[in-house]
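Listed below are the residues making up each chain.
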Amino acid sequence: KPPVGSGLNVPAEIKLEKCWCTSKSDRKPITDMGDSRLQSHVERLRNMNDTKFIDYLPETGTWIFKVEHFSSYGILNEIQVN
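Attention in this report is confined to the structure presented alongside it.

Moving on: the overall build of the protein. Within the protein, the regular secondary structure consists of 1 helix and 3 strands. Along the protein, helices (α) and strands (β) appear in the sequence β-α-β-β when read from the amino end. Classification of the 82 residues of the protein by burial places 24% in the buried group. The long-range share in the protein, meaning contacts at least 24 apart out of those at least 6 apart in sequence, stands at 47%. Roughly 6600 Å² of accessible area belongs to the protein as shown, and the carbon and sulfur atoms make up 52% of that amount.

Now the structure itself:
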């Protein structure tokens, strides 16, 4: 992996589609921004660590955010089975 700031490990704007909040009753996407469930969903996206929230488009479920670099993610505390 290249060091931060070089290669592909640089700041980027990312758009993830189909990041919908879904209704528990029918599993359909909630697209009404007035719905409190969708407002909570967007708030969770706003508070994601190491991201800068840009926008959320409810019609397509597109979450747009920026990152400073790409990091590897993993389990912080692995559970060992004896």
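According to the stated counting rule, one finds 1 salt bridge in the structure shown. Two residues, Asp35 and Arg37, come together in a salt bridge whose shortest N-O distance is 2.8 Å.

Another point: the nonpolar core. Counting 12 residues, the largest nonpolar core is built from Ile14, Cys19, Cys21, Ile30, Leu38, Val42, Leu45, Phe53, Tyr56, Trp63, Phe65 and Val67. For this core, the elements supplying multiple residues, two or more each, are helix 1 (36–46), strand 2 (52–57) and strand 3 (62–67). For Val67, the contacting residues outside a window of four places in its chain are Pro11, Ala12, Ile14, Asp50 and Thr51.

Here we come to the side chain of Thr62. Mapped onto the elements, Thr62 comes out in strand 3. Of the residues examined, Thr62 reaches a relative accessible area of 6% and is grouped as buried. Side-chain polar atoms of Thr62 contact the side chain of Thr60, separated by 2.6 Å. Leaving out residues up to four positions away in the same chain, Thr62 has contacts with Lys15, Leu16, Glu17, Asp55, Tyr56 and Leu57.

Among the secondary structure elements, Pro29 is positioned in the loop between strand 1 (12–16) and helix 1. Along the sequence, Pro29 and Lys18 sit 11 residues apart, while their C-alpha atoms lie 8.9 Å from each other. Setting aside chain neighbours within four positions, we find Pro29 in contact with Trp20, Cys21 and Thr22.

One open sheet holds the 3 strands; their spatial order is 1-3-2, and the pairing between them is antiparallel. Every interior strand has two partners, whereas the edge strands, strand 1 and strand 2, have only one. Averaged over all neighbouring strand pairs, the angle between strand axes comes to 15°, with direction disregarded. Against the sheet, helix 1 engages strand 2 and strand 3, with an angle of about 150° to strand 2.

Thresholds applied
Residues numbered from 1 in each chain as written. Predicted model: local features only at pLDDT ≥ 70, side-chain atom pairs only at ≥ 80, totals over all residues. Heavy atoms only, no water. Helix = DSSP H or I, 4+ residues; strand = E, 2+ residues; numbered from the N terminus. Buried < 20%, exposed > 50% of the residue type's maximum accessible area, 1.4 Å probe, protein only. Contact = heavy atoms within 4.5 Å. Areas by Shrake-Rupley, 256 points an atom, 1.4 Å probe, with all protein chains shown as cover. Salt bridge = Lys/Arg side-chain N within 4 Å of Asp/Glu carboxyl O. Core = buried A, V, L, I, M, F, W, Y, C linked by side-chain atoms within 4.5 Å. Polar contact = N/O pair within 3.5 Å; in protein donor to acceptor, adjacent residues only side chain to side chain. Pairing = 2+ DSSP bridges. Axes fitted to C-alpha atoms, helices over the stretch in contact; angles between N-to-C directions.

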